[in-house]
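# Working through the structure, step by step
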Amino acid sequence: MDNKKTKPQENKVVKREVQVGGVRLKNPILAASGTFGFGAELAPHYDLSLLGGICTTGITLESRRGNPPPRIAETSGGMLNSVGLQNPGVSAFVTDILPEMLNYGCAIIANVAGNSTDDYVEMTRILNATEVTALELNLSCPNVSAGGMSIGTEPELVREVVVACRKQTDKPLWVKLTPNVTSISAVAKAAEEAGADALVLINTLLGIAVDLNSERPLLRNNTGGLSGPAIKPIALRMVYEVYRAVKLPLVGLGGISSAVDALEFMLCGASAVQVGTASLVNPELIFSLPEEMAEIAQAAGHDSLARYTGKLRPW
Ligand SMILES: Cc1cc2nc3c(=O)[nH]c(=O)nc-3n(C[C@H](O)[C@H](O)[C@H](O)COP(=O)(O)O)c2cc1C
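Here the structure is a predicted model, which is why all the values come from computation and not from measurement.

Time to look at the sheet that holds strand 14 (residues 223–227). Taken together, 4 strands build an open sheet; the order of strands is 5-6-14-11 and the sheet is antiparallel. Either end of the sheet is taken by a strand with one partner, and the two such strands are strand 5 (72–75) and strand 11 (205–208). The average angle at which neighbouring strand axes cross in this sheet is 40°, direction not considered.

Bringing the site of the ligand into the picture now. Surveying the vicinity of the ligand reveals 22 residues, the closest of which are Ser 33, Lys 176, Gly 228, Gly 255 and Thr 277. Backbone polar atom of Ser 33 to an oxygen atom of the ligand: 2.7 Å apart, as the coordinates give it. Within the backbone of Gly 255, a nitrogen or oxygen atom sits 2.7 Å from an oxygen atom of the ligand. When each cavity is represented as a set of grid points, the ligand is found to reside in the largest pocket. In terms of residue class, the shell around the ligand is built from 6 nonpolar, 15 polar and 1 charged.

The next thing to look at is the layout of surface pockets. If you add up the space inside the largest pocket, you get close to 630 Å³. The wall of the largest pocket is formed by 39 residues, among which Ser 33, Gly 34, Thr 35, Asn 81 and Thr 204 lie closest to the centre. Listing elements by their share of the lining of the largest pocket, those giving two or more residues are strand 6 (78–81), strand 16 (270–275) and helix 8 (277–281). Tallied by class, residues from the lining of the largest pocket come to 15 nonpolar, 22 polar and 2 charged.

Attention shifts here to the packing of aromatic side chains. Note on aromatic pairs: each is described by the distance of the centres and the angle between the planes. The full count for this structure, using the stated rule, is 3 aromatic pairs. Pairing Phe 38 with Phe 93 gives two aromatic rings, centres 5.6 Å apart and planes at 35°, and the pair type is tilted. Of this pair, Phe 38 sits in the loop between strand 3 (29–31) and strand 4 (53–55) while Phe 93 is found in helix 1 (residues 90–101), placing the two residues 55 residues apart along the sequence. Exposure class is identical for Phe 38 and Phe 93. Each is buried. Taken together, the ring pairs connect Phe 36, Tyr 46 and Phe 287 into an aromatic cluster. The side chain of Arg 307 reaches across the aromatic face of Tyr 308, ending 4.8 Å from its centre.

Criteria and cut-off values
Residues numbered from 1 in each chain as written. Predicted model: local features only at pLDDT ≥ 70, side-chain atom pairs only at ≥ 80, totals over all residues. Heavy atoms only, no water. Pairing = 2+ DSSP bridges. Helix = DSSP H or I, 4+ residues; strand = E, 2+ residues; numbered from the N terminus. Axes fitted to C-alpha atoms, helices over the stretch in contact; angles between N-to-C directions. Near = heavy atom within 4 Å. Polar contact = N/O pair within 3.5 Å; in protein donor to acceptor, adjacent residues only side chain to side chain. 1 Å grid on protein atoms, 1.4 Å probe; cavity = no way out; pocket = protein on both sides within 12 Å on 5 of 7 lines; lining within 4 Å. Sits in = over half its atoms within 2 Å of the grid points. Nonpolar A, V, L, I, M, F, W, Y, C, P; charged D, E, K, R; others polar. Points joined across faces, edges and corners; volume = space filled by probe spheres on them. Phe/Tyr/Trp six-rings, centres within 6.5 Å; stacked < 30°, edge-to-face > 60°. Buried < 20%, exposed > 50% of the residue type's maximum accessible area, 1.4 Å probe, protein only. Lys NZ or Arg CZ within 6 Å of the ring centre and 35° of its normal.

Listed below in structure tokens is the structure:
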């Protein structure tokens, strides 16, 4: 007998499919990078085909052991992490991990992290030759000393990386933005002009947690990225703002832990959403969200989830 959780009864009235920057998703719910691994731990227990897609943990050119522990700290309404892109490297991903992921029955989005433009270009070239659905350029990781966020805070560097990667691939190119900037719209516009197909926002907010007894930061890296419900209003505001600044489709995330949260992001302008920290708290949650969103839509008299995108009526 199949020991996986059975499929919830499908709400047939509400269309769940969405289109995001060259990708057709069967529903708007994706697992966020770094909070779902490569899906292997969950695959024996859950039906991953219930998801619109999975964004892989951040992949780098060479394998990385990540930062020394402690690298997770709980905070009010959220958590700080400084995992630092622990991953087996792009070659091992392509040969040992991706083949299994392609059986999951949902979109596979490769989250690409680098220290330099050359890193991003080389990884895009390698991943272009695979069957990943799309690439998510992580120009926003706050927990590594070079690249990532330091590129993502400078519109000109974002432009340079995206232009260079665009030349390497016709696959959908999503660009994940950091919230640790004064104007996220300026960075979003640079990515749009450079040829991105969609923008993903937001990554974590740079923070610090303190241990009064030892008079030291709780994280060995001193600072880390804040995620979870605490950041939701900021993430919603950024989606709202960027939706008005660019024409590209948006993928929204930051603190989503319910179907209502997910639909709020869509109202603010997201075509799809990702769930991160909430999956660490309750791994089951993400699988029930598409159905719950459809039920809410049906109760409100709507026939699709896509209709929510950008429907917020500001005062
Ligand atoms: C433990 C952990 C690891 C993460 N690793 C990555 C990563 O490798 N690449 C990336 O783009 N984002 C990474 N993120 C950021 C999440 O994908 C997401 O942008 C952020 O946590 C906000 O969403 P949430 O509040 O739903 O978690 C990580 C987040 C956490 C909590």
